[in-house]
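# Topology and contacts: notes
These are the residues of each chain, in order.
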Amino acid sequence: MTSRSDEGSTNLYQDLRPVLARKAGPTLMERAYTELRREILSCRLEPGSEISETDIAQRLSMSKTPVREALGRLRIEGFVRAIPRRCYQISPLTVGDMNALFDVRTIVEGGIVELAVERITEQQLNELDRLADASYDRETTASLDTFIKANREFHLAIAASTENYRLQEMTVHQLDELERYFYVGALSRDINTEVHTDHHRIVEILRTRDPFAARKAIISHNEGTRHALFEVISNGRHNIRLG
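Anyway, here's the lowdown on the structure attached to this text. (Residues numbered from 1 in each chain as written. Predicted model: local features only at pLDDT ≥ 70, side-chain atom pairs only at ≥ 80, totals over all residues. Heavy atoms only, no water.)

### Here we look at the overall build of the protein
Under the convention used in this document: Elements are defined by DSSP. Helices are runs of H or I of four residues or more, strands are runs of E of two residues or more, and each kind is numbered from the N terminus. Throughout this description, buried means an accessible area under 20% of the type-specific maximum (1.4 Å probe, protein chains only), exposed means over 50%, and partly exposed covers the range between. Two residues form a contact once any of their heavy atoms are found within 4.5 Å. Residue burial considers only the protein chains on display, and all accessible areas are found by Shrake-Rupley using a 1.4 Å probe.
Scanning the protein from terminus to terminus reveals ten helices and three strands. Counted from the first residue to the last, the protein has its helices and strands arranged as α-α-β-α-α-β-β-α-α-α-α-α-α. The burial tally for the protein puts 42% of its 243 residues in the buried class. If you take every contact in the protein between residues at least 6 apart in sequence, the share linking residues at least 24 apart comes to 75%. Put simply, the protein shows about 13,300 Å² of open surface, and 51% of that area lies on carbon and sulfur atoms.

### A word on the side chain of R105
Structurally, R105 can be placed in helix α5 (residues 95-119). Setting aside its immediate chain neighbours within four residues, R105 contacts G110, H155, Q174, L175, L178, F182 and N222.

### Digging into the environment of G48
Along the chain, the position of G48 falls in the loop between α2 (28-41) and β1 (50-51). For the pair G48 and V80, spaced 32 residues apart in the sequence, the C-alpha separation amounts to 9.0 Å. Beyond its immediate sequence surroundings of up to four residues, G48 is in contact with Q89, I90, S91 and P92.

### Considering the packing of α5 against helix α10 (residues 211-234)
The condition is simple: Only the stretch in contact is used when a helix axis is fitted, and all axes are lines through C-alpha atoms; the angle between N-to-C directions ranges over 0 to 180 degrees. For classification purposes, an angle smaller than 35 degrees is called roughly parallel, one larger than 145 roughly antiparallel, one from 65 to 115 roughly perpendicular, and anything else oblique. Here a crossing is taken to be left-handed if its near helix is turned anticlockwise relative to the far helix by less than a right angle, and right-handed if that turn runs clockwise. The nonpolar class holds Ala, Val, Leu, Ile, Met, Phe, Trp, Tyr, Cys and Pro. Asp, Glu, Lys and Arg form the charged class, and all remaining residues, Gly among them, are polar.
Running from amino to carboxyl end, α5 crosses α10 at an angle of 165°, the nearest separation of the two axes being 8 Å. One way to sum up the angle between α5 and α10 is to call them roughly antiparallel. Remark: the crossing between α5 and α10 carries right-handed chirality. Of the residues belonging to the contact of α5 with α10, the class tally is twelve nonpolar, seven polar and seven charged.

### Here we look at the packing of aromatic side chains
Stated formally: Pairs were defined over the aromatic rings of Phe, Tyr and Trp, the Trp ring being its six-membered one, requiring ring centres within 6.5 Å. Orientation was assigned from the angle between planes: stacked under 30 degrees, edge-to-face over 60, tilted for the rest. A ring has a charge above it when a Lys NZ or an Arg CZ is no more than 6 Å from the ring centre and no more than 35 degrees off the ring normal.
Under the criterion given, the structure shown has one aromatic pair. Between R73 and the ring centre of Y33, over which it is positioned, the NZ or CZ distance is 3.7 Å.

### Describing the pairing of strand β2 (residues 80-83)
Heads up, the rule is: At least two bridges found by DSSP between two strands is the condition for calling them paired.
In this structure, β2 lies alongside strand β3 (residues 87-90), joined through four bridges in antiparallel fashion. Bridge assignment links V80 to a residue of β3, and that residue is I90. From the end of β2 to the start of β3, which pair antiparallel, there are three residues, and R85 there has a positive phi angle of about 60°.

### A short note on unusual backbone geometry
Positive phi outside glycine occurs at S61, with the angle close to 55°. Although it is not a glycine, E163 sits at a positive phi angle of roughly 60°. Relative to the assigned elements, E163 resides in the loop between α7 (141-161) and α8 (165-188). Overall, the relative accessible area of 65% leaves E163 in the exposed class.

Spelled out as structure tokens, the structure:
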């Protein structure tokens, strides 16, 4: 038979579990996963390059076990490939993969903006205008990181304005898959002006509440990005390492 004090202790422990979990912090595997994923998405780990558990473990000051687990998770997500009895390879960027991602993006974001024109608020439109002002310097890593983050937040904000969490989840997944391509595009040439112009135009059209014009604007923006990336990747100019 369980006493009231026992029940109280159990309930107290259950109430404290989220707090205890926060205090405990991320595991070594989670730390390795977060760091490697960030380096892969930002191209600090170059697409197509090879990495080993030993080298990563030494660099992150941990054993190979959490690194192996983190790489296994990244392999499932498609960001690395295992080379048996040798090492891992950062998944290369290819025209085929890029086209597949942009085909999906056209369908998803085209539908999102049509819904967004009905639901987006003035406050959200003002925030989009602020995000559209982002710019970067190709020679400054922190500047580029901030620009890519602002681009991500711009597209996520449009998805959030639909108040549809499924569309927001799809947008997050799409942006994760495309982030390496965005870094490559921004490193290969100065895209400040075209992104600034396109983003502000999208906001301007969202303010008119015209779903057809909004869809046309977002698709035109995405197709312009696709075409520019095609030129970079097909000409082999995408292996650009960040400092």
